[in-house]
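One-letter residues, chain by chain:
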Amino acid sequence: MTASPVLGSRRRARRSHLAAAAAAAALCAAAATPATPAAADGDTSGGKPTVVLIHGAFADASSWNGVAERLERRGYTVMAPANPLRGLYNDATYISSVLDSVKGPVVLAGHSYGGAVISSAAAGHSQVKALVYIDALMPDVGESGASLGARFPSALGTATRSVPYQEGHGQSGTDLYLKRDKVYPVFAACLPESQADLLGVTQRPAATTAFSETAKVAAWKTIPSWAMIGRQDMTISPEQERFQARRAHSHTVEINSCHVSLIAHPDAVTDLILQAATASGTGSAGPSLADTGSVAPRRELTGLGGVAGVSLVAGAGAVLVGRRLRRRSR
């Protein structure tokens with residue numbers, strides 16, 4: 001029996017309705033699936049650089065705890081190795097070997113004497129994309145911490161005591177400790193005095209060679225740098241820090257802080273490291289809208305958010321197709 005023209009039109013209309021509904025469902029499914037290939041591959045960092053944090057004299061890696069926690073919450077892989085504090089050449093060689101173990105781009109940050117270490121250790125490491133100096137030494141070739149301190153005197157000059165030490169194979173030297181009554185006023189005046197006292201108890205001494213050995217290289221001459229200056233720093237003169245940052249053409253910020261801004265102001269230090277990570281092109285994404293106040297990211301289906309917007313558009317399309325087919329079948 002031959003189907004009537006009316007019945008055939010109705011069947012075509014039903015098929016068109018089903019096709020439109022299927023298209024709407026496909027669009028909804030596509031919108032609901034996040035485009036996160038990095039996460040699918042198990043890369044939780046999203047292609048961000050590894051941030052390596054180097055502590056300075058009289059401190060240990062735990063001084064970076066607040067900063068490390070904040071960076072990890074932002075999805076960064078963080079390393080804070082122990083700085084041996086045995087001498088600039090020894091320490092830079094050791095940190096250089098740590099960098100050899102890191103795959104992919106690196107943002108290298110140093111606090112205090114750690115700044116001198118990263119300036120030497122980063123040389124020859126093409127994966128180091130940015131250097132960040134926090135209340136730090138930034139010696140040029142031929143300079144030492146001692147020579148810079150003589151040029152820009154600070155309260156540190158009378159705040160240390162010398163203690164001889166011996167190592168295996170007959171090696172010996174002299175360690176510098178902060179005097180216990182100087183830890184709070186000279187090193188950590190922006191912390192509660194009780195916390196500063198604990199830093200004095202747990203301090204790690206630095207060999208005099210950490211400050212007397214002159215730099216053989218200065219990586220900040222070829223690697224972009226960022227610098228934070230603590231205006232109340234009594235350990236390294238703020239004038240010295242400004243001088244160093246100017247000649248290195250560092251991106252510089254100043255805050256009202258003592259020498260240990262990484263402990264007292266971890267948010268500000270973290271923000272500076274994030275600036276270095278993103279501005280140097282090592283991050284997978286730029287700064288967030290809340291940080292920059294920039295134009296909101298482009299959205300698909302402007303004015304209609306996410307799955308609901310796609311569903312609404314697809315559903316409207318299905319209704320229009322159905323109406324047109326019904327008109328043709330009449």
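In what follows, the structure referred to is the one given above.
Now for a quick tour of the structure. Just so it is clear, the structure is predicted and the values come from calculations on it, not from any experiment. (Residues numbered from 1 in each chain as written. Predicted model: local features only at pLDDT ≥ 70, side-chain atom pairs only at ≥ 80, totals over all residues. Heavy atoms only, no water.)

**Some thoughts on the overall build of the protein chain**
Argument step 1. The helix and strand tally for the protein chain stands at 14 helices and nine strands.
Argument step 2. In the protein chain, buried positions account for 42% of the 330 residues.
Argument step 3. Total accessible area on the protein chain is roughly 16,900 Å²; 56% of this is exposed by carbon and sulfur atoms. (Helix = DSSP H or I, 4+ residues; strand = E, 2+ residues; numbered from the N terminus. Buried < 20%, exposed > 50% of the residue type's maximum accessible area, 1.4 Å probe, protein only. Areas by Shrake-Rupley, 256 points an atom, 1.4 Å probe, with all protein chains shown as cover.)

**Comments concerning the sheet that holds strand β5 (residues 160-166)**
Argument step 1. The three strands lie next to each other as β5-β6-β7, forming an open sheet whose pairing is antiparallel. Each edge of the open sheet is held by one strand with a lone partner, namely β5 and β7 (206-207).
Argument step 2. Note: strand β6 (residues 172-178) against β7, two bridges, orientation antiparallel. Within β7, the residue paired with Leu176 across the bridge is Ala206. (Pairing = 2+ DSSP bridges.)

**Remarks on the state of the cysteines**
Argument step 1. One pass over the structure, following the stated rule, counts one disulfide.
Argument step 2. Across the disulfide, Cys190 is cross-linked to Cys258 (sulfur-sulfur distance 1.9 Å). Sign of the S-S torsion, about -50° for the bond between Cys190 and Cys258, identifies this disulfide as left-handed. Of this pair, Cys190 sits in the loop between α7 (183-187) and α8 (193-202) while Cys258 sits in the loop between β9 (251-255) and α11 (261-264); the two residues are 68 residues apart in sequence, bridging distant segments of the chain. (Disulfide = S-S within 2.5 Å.)

**Some words on the sheet that holds strand β8 (residues 225-230)**
Argument step 1. Reading across the sheet, the six strands line up as β2-β1-β3-β4-β8-β9 and stay open at both edges, with parallel pairing between neighbours. The sheet is open, and its two edges are formed by β2 (77-79) and β9, each paired on a single side. Geometrically, the sheet is characterised by an average inter-axis angle of 15° between neighbouring strands, direction not taken into account.
Argument step 2. Each of β1 (50-54), β3 (106-111) and β4 (128-134) touches helix α5 (residues 113-121); the most contacted strand, β3, lies at about 145° to it. (Axes fitted to C-alpha atoms, helices over the stretch in contact; angles between N-to-C directions. Contact = heavy atoms within 4.5 Å.)

**So, helix α4 (residues 88-100)**
Argument step 1. Look at α4: 18 Å from first C-alpha to last across 13 residues, which is about the 18 Å you get at 1.5 Å a residue.
Argument step 2. Buried within α4 are the following residues: Leu88, Asp91, Ala92, Ile95, Ser96, Val98 and Leu99. End-on, the buried residues of α4 take up no more than an arc of 155°, which puts them together on one face. In α4, those exposed residues whose orientation departs by more than 90 degrees from the buried face are Thr93 and Asp100.
Argument step 3. Among the structural elements, β1, β2, β3, α5, β4 and α9 (209-212) are those in contact with the buried residues of α4. (Expected span 1.5 Å × (residues − 1). Arc of directions from axis to C-beta.)

**What about the packing of helix α3 (residues 65-73) against helix α12 (residues 266-279)?**
A pair of packed helices can be characterised by two numbers: the angle between their axes and the separation between those axes.
Argument step 1. Taken N-terminus to C-terminus, the directions of α3 and α12 make an angle of 50°; their axes are 9 Å apart at the nearest point. Overall, the two elements α3 and α12 adopt an arrangement that is oblique. Between α3 and α12 the crossing geometry is right-handed. Counting all contacts with α3, which are made through Gly66, Val67, Arg70 and Leu71, the residues of α12 involved are Pro266, Asp267, Val269, Thr270, Ile273 and Leu274.
Argument step 2. Class assignment for the residues of the contact of α3 with α12 results in six nonpolar, two polar and two charged. (Parallel < 35°, antiparallel > 145°, perpendicular 65-115°, else oblique. Left-handed = near helix turned anticlockwise from the far one by under 90°. Nonpolar A, V, L, I, M, F, W, Y, C, P; charged D, E, K, R; others polar.)

**A closer look at the pairing of β8**
Argument step 1. When you tally the buried positions in β8, you get six out of six residues, the bulk of the element.
Argument step 2. Here β8 shows no split at all, with Ser225, Ala227 and Ile229 on one side and Trp226, Met228 and Gly230 on the other all buried.
Argument step 3. As defined by bridge partners, β4 adjoins β8 across four bridges and the pair is classed as parallel. Looking across to β8, one finds that Leu131 is bridged to Ser225.
Argument step 4. Pairing geometry for β8 and β9, over five bridges, is parallel.

**What to know about the pattern of salt bridges**
Argument step 1. A full pass over the atoms with the stated rule returns seven salt bridges.
Argument step 2. In this structure, the salt-bridge partner of Arg247 is Glu143, at a minimum N-O distance of 2.5 Å. Taken together, the residues span a long stretch of sequence, with Arg247 in helix α10 (residues 238-248) and Glu143 in the loop between β4 and α6 (145-151) at a distance of 104 residues.
Argument step 3. For Glu143, a relative accessible area of 14% gives the class buried.
Argument step 4. Notably, a salt bridge pairs Glu254 with Arg231, separated by 3.2 Å at the nearest N-O pair. Taken as a pair, Glu254 in strand β9 and Arg231 in the loop between β8 and α10 lie far apart in primary sequence, 23 residues in all.
Argument step 5. Each of the salt bridges in this network shares a partner with another, and the network as a whole consists of Arg231, Glu239, Arg242 and Glu254. (Salt bridge = Lys/Arg side-chain N within 4 Å of Asp/Glu carboxyl O.)

**So, the packing of aromatic side chains**
Argument step 1. Under the definition given, this model contains three aromatic pairs.
Argument step 2. Aromatic side chains Tyr113 and Phe211 sit 5.7 Å apart centroid to centroid with 55° between the ring planes, which places their arrangement in the tilted category. Of the two residues, Tyr113 sits in helix α5 while Phe211 sits in helix α9, which places them 98 residues apart along the sequence. Neither residue differs from the other here; Tyr113 and Phe211 are each classed as buried.
Argument step 3. For the ring pair Phe152 and Phe243, a centre distance of 5.4 Å and an interplane angle of 35° mean the geometry is tilted. Note that Phe152 is positioned in the loop between α6 and β5 and Phe243 in helix α10, a separation of 91 residues in sequence.
Argument step 4. You can call Phe243 buried: its relative accessible area is 17%.
Argument step 5. Over the face of the ring belonging to Tyr165 we find Arg86, whose NZ or CZ atom lies 4.8 Å from the ring centre.
Argument step 6. The ring centre of Tyr89 lies 4.3 Å from the NZ or CZ of Lys216, which sits over that ring. (Phe/Tyr/Trp six-rings, centres within 6.5 Å; stacked < 30°, edge-to-face > 60°. Lys NZ or Arg CZ within 6 Å of the ring centre and 35° of its normal.)

Function cannot be read off these values alone, since they describe shape.
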